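Examination of the molecular architecture
Residues per chain are reported as follows:
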Amino acid sequence: MTITVRPGSTMMFTGDSITDCQRQESEDGLGFGYPLRVAGEWGLRHPDRPVTWLNTGIGGNKVMDLEARWQADVLDARPDVVSILVGVNDMGWHTLDPKGYVIPVEEFEAGYDRLLAPLAEAGTELILIEPFLLPIHDVVEAGVGARRIGEEERKEWRTDLAPKIQAVRRLARKYGAHLLAADGMFAGLAATTGPEYWAADGVHPTPAGHAALAAAWLRLVR
């Protein structure tokens, strides 16, 4: 099943830096990543069905951060379709921020559930994008104080992320949302090219990675 997009619909992307992608520096507010690619491709394919595209992603956001701004940034816009990508900061906060702590999967899932409930009640179509982590080989600097993240840290992240991906899948089933299985998609793509081709730091997509997300997203709508 796919989402039928009607003319005049309001389509919203929200989440963390992967969605944000410097949106405040772009003229249309969509940023330079997959939301822009989706909007451009949709406009090319369907000039007879113009829609409004919004991006309310903010870099560094976790589920708890989305909750704090959900009413003003999402619900008040009364979108017809909401696409959410969040979870990578919930995964690594305890290693990237000295004030961070391990966010249990139960806390992550309960907070995510609270985001979805009012949208489902309003009849909003939902697209949930799995958080993802690619097994790159390089050491990168990230987080407060530019901590060096290597293979051992990424193993820890993967152990933490795996149950949170399962939580997103459970919530997609609970609310009848459309699931974009991004973690598995990137794992399959990386098998032939290497992971750095799709996300140089294992988290933030390259242009090719954003293109892959956009193509997968567009398969969920018609």
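Before reading on, note that the structure itself is shown above.
Everything quoted here is computed from the prediction, not taken from an experiment.

**Comments concerning the pattern of salt bridges**
Within the structure shown, the criterion is met by 11 salt bridges. Residues Lys174 and Asp113 are paired through a salt bridge, measuring 2.6 Å at the closest nitrogen-oxygen approach. In this pair, Lys174 is assigned in helix H6 (residues 151-175) and Asp113 in helix H5 (residues 105-121), connecting sequence segments 61 residues apart. Judged by its relative accessible area of 53%, Lys174 is exposed. When its relative accessible area of 17% is taken as the criterion, Asp113 is described as buried. Bridged by salt links that share partners, the residues Glu151, Glu152 and Lys155 form one connected network.

**Looking at helix H7 (residues 182-193)**
An ideal rise of 1.5 Å per residue puts 16 Å on 12 residues; H7 measures up with 16 Å between its terminal C-alpha atoms. Those residues of H7 that are buried lie in contact with strand E4 (125-129), H6, strand E7 (178-180) and helix H8 (207-218). Backbone geometry just downstream of H7 places Gly194 in the positive-phi region, at approximately 95°.

**Looking at the packing of helix H3 (residues 63-73) against H5**
Geometrically, a packed helix pair is captured by the angle between its two axes and the distance between the axes. Packing of H3 against H5 brings their axes to within 9 Å, and their N-to-C directions diverge by 30°. With respect to H5, the element H3 is oriented roughly parallel. Between H3 and H5 lies a crossing whose hand is left-handed. Between H3 and H5, the residues in contact are Val63, Met64, Leu66, Glu67 and Trp70 and Glu107, Phe108, Gly111, Tyr112, Arg114, Leu115, Pro118 and Leu119, respectively. In terms of residue class, the contact of H3 with H5 is built from 9 nonpolar, 1 polar and 3 charged.

**Examining the nonpolar core**
Ranked by internal contacts, the top residues of the largest apolar core, which has 44 residues, are Trp53, Ile129, Phe186, Leu213 and Trp217. For this core, the secondary-structure elements that each account for two or more residues are strand E1 (10-15), helix H2 (34-45), strand E3 (81-85), helix H4 (88-96), E4, H6, H7 and H8. Among the elements that line this core, the one with the most residues is H8, at 6 residues. Other than its neighbours up to four places away in sequence, Leu213 contacts Ile18, Tyr34, Ile129, Phe132, Leu180, Ala182, Met185, Phe186 and Pro205. In this structure, Val74, Val82, Val86 and Ala167 belong to the second largest nonpolar core, which totals 24 residues.

**A closer look at the environment of Glu130**
With respect to the helices and strands, the residue Glu130 is situated in the loop between E4 and strand E5 (140-142). Judged by its relative accessible area of 0%, Glu130 falls in the buried class. Note: C-alpha distance between Glu130 and Val88 (42 residues apart in sequence) is 9.4 Å. Other than its neighbours up to four places away in sequence, Glu130 contacts Leu85, Ile165, Val168, Arg169, Leu179, Leu180, Ala181, Ala182, Asp183 and Gly184. Looking at Glu130, its side chain comes within polar contact range of the side chain of Arg169, at 2.7 Å. Among the polar contacts made by the side chain of Glu130, one reaches the main-chain amide nitrogen of Ala182 at a distance of 3.4 Å.

**Let's talk about the pairing of E4**
Within a regular strand, the side chains alternate between the two sheet faces. For E4, the buried fraction is high: 4 of the 5 residues fall into the buried class. Here E3 pairs with E4 via 5 bridges, running parallel. In the strand pairing of E4, Val81 is matched with Glu125. With 3 bridges joining them, E4 and E7 adopt parallel strand pairing. Bridge pairing in E7 places Ile129 opposite Leu180.

Reading the values: the criteria
- Residues numbered from 1 in each chain as written.
- Predicted model: local features only at pLDDT ≥ 70, side-chain atom pairs only at ≥ 80, totals over all residues.
- Heavy atoms only, no water.
- Salt bridge = Lys/Arg side-chain N within 4 Å of Asp/Glu carboxyl O.
- Helix = DSSP H or I, 4+ residues; strand = E, 2+ residues; numbered from the N terminus.
- Buried < 20%, exposed > 50% of the residue type's maximum accessible area, 1.4 Å probe, protein only.
- Expected span 1.5 Å × (residues − 1).
- Contact = heavy atoms within 4.5 Å.
- Axes fitted to C-alpha atoms, helices over the stretch in contact; angles between N-to-C directions.
- Parallel < 35°, antiparallel > 145°, perpendicular 65-115°, else oblique.
- Left-handed = near helix turned anticlockwise from the far one by under 90°.
- Nonpolar A, V, L, I, M, F, W, Y, C, P; charged D, E, K, R; others polar.
- Core = buried A, V, L, I, M, F, W, Y, C linked by side-chain atoms within 4.5 Å.
- Polar contact = N/O pair within 3.5 Å; in protein donor to acceptor, adjacent residues only side chain to side chain.
- Pairing = 2+ DSSP bridges.

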